[in-house]
Structure formats: C-alpha cells, structure tokens
Amino acid sequence: MRLLISLAAIAAALMLPVAAHAADAPVQVTLDASKPGAVIDRHLFGQFAEHLGNGIYGGIWVGKESTIPNTRGIRNDVVAALKALKIPNVRWPGGCFADQYNWRRGVGPERKPAVGEPNTFGTDEFMDFAQQIGTEAYISVNLGSSTAQDASEWLEYMTSSTDSALGAERAKNGHPEPYKVPILGLGNESYDCGGPMSADFYIHEMKRFSHFVRNYNAAQPMKRVAVGHDTYTDAVMKAWKDRSWSWDIEALSLHFYATGGWPPHLPSTGFDEKDYAALVKDAIAMDDAIKTYSAIMDKYDPDKKVALAVDEWGAWLAPTPGSNPGALVQQVSQRDAVLAALSINVFARHADRVRMANIAQMINVLQAMILTDKDKMLLTPTYHVFHMYVPFQDATFVPLTFDAGTYTTNGITLPRVDAVAARDKTGKVWIAVTNLDAKSPATFSVSLAGVKATKASGQTLSAPKVDSVNTFDAPNTVVPKALSAQVVGGELTITVAPASVTVLGLE
Ligand code: AHR
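Fair warning: this is a prediction, and the values are worked out from it, not measured in the lab. (Residues numbered from 1 in each chain as written. Predicted model: local features only at pLDDT ≥ 70, side-chain atom pairs only at ≥ 80, totals over all residues. Heavy atoms only, no water.)

**Points about the overall build of the protein**
- Helices and strands together make up the secondary structure of the protein, namely 11 helices and 24 strands.
- Relative to its length of 507 residues, the protein is compact, with a C-alpha radius of gyration of 24 Å against a globular reference of 23 Å.
- Along the longest, intermediate and shortest principal axes, the C-alpha atoms of the protein span 90 × 55 × 45 Å.
- Looking at the protein as shown, the accessible area adds up to about 20800 Å², and 56% of this sits on carbon and sulfur atoms.
- Looking at the protein, you have 45 positive and 52 negative side-chain charges, and the mean spots of the two groups are 4 Å apart. (Helix = DSSP H or I, 4+ residues; strand = E, 2+ residues; numbered from the N terminus. Rg over C-alpha atoms; globule rule 2.2 N^0.38 Å. Areas by Shrake-Rupley, 256 points an atom, 1.4 Å probe, with all protein chains shown as cover. Lys, Arg positive; Asp, Glu negative; His and termini not counted. Charge placed at Lys NZ, Arg CZ, Asp CG, Glu CD.)

**Things to note about the pairing of strand β19 (residues 429-435)**
- Taken across its 7 residues, β19 has 7 buried, putting it largely inside the fold.
- Burial along β19 is two-sided: the face carrying V429, I431, V433 and N435 and the face carrying W430, A432 and T434 are both buried.
- Two elements, strand β18 (residues 417-423) and β19, share 7 bridges in a ladder whose sense is antiparallel. What sits directly across from R423, in β19, is V429.
- The hairpin formed by β18 and β19 contains 5 residues between the paired strands, and G427 there has a positive phi angle of roughly 100°.
- Pairing geometry for β19 and strand β24 (residues 500-506), over 6 bridges, is antiparallel. Within β24, the residue paired with W430 across the bridge is G505. (Buried < 20%, exposed > 50% of the residue type's maximum accessible area, 1.4 Å probe, protein only. Pairing = 2+ DSSP bridges.)

**Examining the site of the ligand**
- Taken together, F48, E50, G95, C96, N188, E189, Y257, E312, W316, L328, Q361 and L366 are the residues near the ligand.
- Here an oxygen atom of the ligand and a side-chain polar atom of E50 are 2.8 Å apart.
- A distance of 3.0 Å is found between an oxygen atom of the ligand and a side-chain nitrogen or oxygen belonging to Q361.
- In isolation the ligand offers 290 Å² of accessible surface; the protein chains occlude 91% of this area.
- Among the detected pockets, the ligand sits in the largest pocket.
- Within the shell around the ligand, the residues separate by chemical class into 6 nonpolar, 3 polar and 3 charged. (Near = heavy atom within 4 Å. Polar contact = N/O pair within 3.5 Å; in protein donor to acceptor, adjacent residues only side chain to side chain. 1 Å grid on protein atoms, 1.4 Å probe; cavity = no way out; pocket = protein on both sides within 12 Å on 5 of 7 lines; lining within 4 Å. Sits in = over half its atoms within 2 Å of the grid points. Nonpolar A, V, L, I, M, F, W, Y, C, P; charged D, E, K, R; others polar.)

**A closer look at the nonpolar core**
- Ranked by internal contacts, the top residues of the largest apolar core, which has 123 residues, are I139, Y202, W313 and Y389.
- A per-element tally of this core places helix α10 (residues 334-349) first, with 10 residues.
- Residues in contact with Y202, not counting those within four places in the same chain, are L143, L186, S190, M197, A226, V227, Y232 and V236.
- The next biggest cluster of nonpolar side chains, apart from the first, holds 27 residues, and it includes V29, A404, V433 and V496. (Core = buried A, V, L, I, M, F, W, Y, C linked by side-chain atoms within 4.5 Å. Contact = heavy atoms within 4.5 Å.)

**Describing helix α8 (residues 273-284)**
- The first and last C-alpha atoms of α8 sit 16 Å apart over 12 residues, in line with the 16 Å expected at 1.5 Å per residue.
- Taken residue by residue, α8 has E273, D275, Y276, A277, L279, V280 and A283 as its buried positions. (Expected span 1.5 Å × (residues − 1).)

**Description of the packing of helix α7 (residues 233-241) against helix α9 (residues 286-300)**
- For the pair α7 and α9, the least separation of the axes is 9 Å and the interaxial angle reads 20°. Classified by the angle between their axes, α7 and α9 sit roughly parallel to one another. The interaxial crossing formed by α7 with α9 has right-handed handedness. Here α7 contributes T233, D234, M237, K238, W240 and K241 to the contact with α9, which in turn contributes Y293, I296, M297, K299 and Y300.
- Broken down by class, the residue content of the contact of α7 with α9 amounts to 6 nonpolar, 1 polar and 4 charged. (Axes fitted to C-alpha atoms, helices over the stretch in contact; angles between N-to-C directions. Parallel < 35°, antiparallel > 145°, perpendicular 65-115°, else oblique. Left-handed = near helix turned anticlockwise from the far one by under 90°.)

**Examining the side chain of R91**
- Note that R91 resides in strand β5 (residues 89-92).
- At 2.8 Å, the side chain of R91 forms a polar contact with the side chain of E312.
- With near-sequence residues (within four places) excluded, R91 lies in contact with Q47, F48, A49, Y138, S140, N188, H255, D311, E312 and N358.

**Some details on the packing of aromatic side chains**
- All chains considered together, the criterion is met by 18 aromatic pairs.
- When the centroid spacing of 5.1 Å and the interplanar angle of 40° are considered together, the rings of Y389 and F392 count as tilted. Take Y389 and F392: they sit in the same class, and that class is buried.
- The rings of W61, W92, F97, Y101, W103, F121, F126, F129, W154 and Y157 are connected pair by pair, giving a single aromatic cluster.
- When the ring centre of F48 is taken as reference, the NZ or CZ atom of R91 above it lies at 4.7 Å. (Phe/Tyr/Trp six-rings, centres within 6.5 Å; stacked < 30°, edge-to-face > 60°. Lys NZ or Arg CZ within 6 Å of the ring centre and 35° of its normal.)

**Brief notes about the sheet that holds strand β1 (residues 27-32)**
- What the 10 strands build is an open sheet, ordered β14-β18-β19-β24-β21-β22-β23-β20-β1-β15; its pairing is mixed. Each having just a single partner strand, β14 (396-398) and β15 (400-401) make up the two edges of the open sheet.
- The pairing of β1 with strand β20 (residues 442-449) spans 6 bridges and is classified as parallel. Considered in β20, the bridge of V27 is made with F444.
- Against the sheet, α10 contacts β14, β18, β19, β21 (455-461) and β24, and its axis sits at roughly 50° relative to β18.
- Relative to β21, helix α11 (residues 381-388) is tilted by about 160°, and along the sheet it contacts β21 and β24.

**Details of helix α3 (residues 123-133)**
- Of all 11 residues in α3, 10 are buried, a share of seventy percent or more.
- Just past α3, the residue G134 takes up positive phi, approximately 75°.

Shape descriptors only; they carry no functional weight alone.
If you want it as structure tokens, here you go:
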C-alpha cells in the first residue's frame, strides 16, 4: 500500500499517467495451438422441446389450417430461425412429460386427446419437424408409467421396415422409410417426477428397457442415455461396469439448472446487478457438478466410454407475471446470454467426458431460443449466443491460459472474464470471450502461438443493461454486432463491452 501511494505521488509530481486500475488492465491470454484438446462434440449444442406450456403447441405446431404460415402444420418462421443454429439433436417429448406419454394416442388419422394434451403433434409430426430444421431425434421413452413392451413397440413403429406391422402402420401414416433414432433416453428424473424410484429399482428397470427397447434401423446406430443424479450416478456406473452382454448404456444424464435458489424466484426482467451476479454464480457451479460426476464415472469407466449428457440445463426463473406458472414462461435477457456462453465454455473444457447437452428449452419455456405470440416471433439473446458459437460444433479444443481475475458486486465474487478457443475442421481457429463484469469493459491481449493470422473477425453481443431483453415490439434491442481487429506482432487485442459475449475467427 505504501509503495502504491508513493508511486502515485511521484507520477502526480512528474505529471505522468498513473497505471490503470487492475480491473482495466488487459487480460493476457496465451493460445497454444500445438496442444489440441478433445473434440467439442456438436451434440453439446442440443435442444430440448417438451410438451409443456407453449413449447410445442403455438411454438412449433400451429396446425395445417392455421393462418400462420406453416408447412404441414409446423411454423415456417420458427423452422427458418432454428435451421440457422445447426441444432444437432432435439430431446422430445419430455422431461417429466415423457414418463406419462402415450405415443399410441399421437399417431394416425384419429388422435386421442389426453387431459391437457391434444396429441395433434405426435411422432410423425416431431420427425417432420426434425427433418425440416435438419436435426436428429433424441427420443425419451416412458419408463415411469408404461412398460418396456410399449416402448419397444414405439421403437418398432419408428425404426422398423414395413415388413413389421408397426412399420407398415407408419407407412400408412405417410412415412414408408424407417425414421432414425440416434439417441434414446431411458427415463427422465426417475428419482423424482419420472418415478420416484430408488437407485436400485431404477437400475433394474433401466436394464430391461436397455435390453428390450430395440432400434431396428441398422443404418443408424442408437445411443442410450441412463438417468444420473446425486443418488444414482455411482450405482448406475457400478452396474454398467458389471454389465452383461444383454444391456448397455452409452451416456449418463445430468440435469443442472441455474436458479439462484429453489424454488425459482429471480425475476427474468427488471432485475439488478445483484440478481445478475447471483444467477451467473449458480450457472458456473455447473463446473463443480461436472467434476463430481466425472470423478465417479472415471472410477468405473477410466476410458470415458460412457458420455456425460447434460440433457437439461439453463436458467430457471420466476414465471412471467400473469402467466400460467406451470407453463414455465420467462423472458430471456442479456444475463442469460452470458450464462449460456459460460455454460458452453464449461462443456467445452470437459469435452472429453461431456459429449451431449440440451438447453431447456427451445421455444417459449425457460431459457428459450425463441418466443412466440400467435403470429409473432422473436429471437432471444440466448439464440444469438448459440448462433455465434456454431463454429465450435465438432471443432477441436485449443487450450488458452489466462488469469481470469475477479469481479465482485454486492458481496458476490465471480471471475471477471472467460475465454475458450477451438480449431474447426477447415483449420480456422475461433476464440470466444465473455466479459462477466456488468459495469466495466474488458480488454483481451491474445498471444497466438502457432497460429498464422493477420486479423480476427466475428460478432459481439452486448446490451444496454444486463436485464435487456428483446420484445415483440422491440425485437432487436439485443442483437450481435460485427467486430474485427488486426493481429499485430502475433498478438490480437480487443476490447469488449460489459456483460458481453464475443466470438471471433482468426484469418
Ligand atoms: O424443463 C422442465 C422440467 O424440469 C422437466 O420436465 C424436468 O425433467 C425437469 O425437472
């Protein structure tokens, strides 16, 4: 302290500029392209679409007779927006809904409504939607309230040739070609809404489903995802290590929501810097959850054959005032964009084990990409983050070293910045930087060891305030802007706005 005072005094006396405050000092980042890490699986950018609130009805499905432009009942505006995200897979039909879903009521010319579920959007409509947006199907079967026989018949309906009765029924319903089901969920939160089952009971059921619920489409291998949880993970992985020829799993799930405390109570609009920091702090605790699960998985599976699938994640906030609380409607702000980027960065750093993730949820529910209101549609700040990160899909992780520093507000301390890099299949290197500080800009000086580049260009997403949102009246309040910078002497220097996300490609 004494030294600082005397330096400042000397500087003042000599009329020299005083060194910048530590928070304003550039973050020195070193990129070492000679030490590539794991491939950042494109399936880390998966989505989740549940029959809940207006996630499906109104958000995707408007029906063939709707005045809202649609293709076979599926909204054209939503399809066009989702296509641009290159979504690798969509998890459907739930969530908790999956464990009460009767697929039979949702196929064929005569749909049979259930309570609160018209069943007009069923298997064939979901597969049509998946084909229209260019994604793969992640189907969660009903392990909670139905039988292995029923789930097996659903798979037969979807994946068998027309030689089987159910394959022929699918053809009669308009799709002679077997569908592809590359990912199959064996239950959802079976410790809770999908049961509740003890770990041992779940493992008993899961083994039967793994064995009997077969994929008949030989052109498409299928991965099975078992349920993970604090009370399940060790037991499921132990069972997997001791497995017999008759069953297997290829992934284990982890659900991780950022809430700032349960039940969800933080508002999705009109919040302050304290709530911003509280939610972001919760989100980055995902890193600890992944480390905990990975350590257990490593014990039984050191070769990392079983992937960790974070197949529900995102911000879960207080319902929008006036909305049906069960519909999980919330706005999606710049805070959530920062949260999304930080979560993706966590996945990228654990890409050797975490090979699938699904944000909850795609449209109109929780941390959505898209909000709709009748014929209107808007893209949320989280949509823009997913769009900016497209180059990271299937790119190879490139390690960065930097001191993230700290940002403290209202007694909450967070890292000041975050950054990840990856090399895509064409050899181009991409850098994503996040400034968590809600008040101060951040400057990054990136030294590019082993990369020949003269400039970097891409997009940056910032907002007037951390709680800025896009609305149907003002849909472009938070949109990415172009950003480019020169590389001088092997160093890239960029300054980014407070609470912002930036993705740049080196050229
Ligand atoms: O995404 C909303 C719900 O959260 C899902 O249905 C359930 O799996 C989780 O508890």
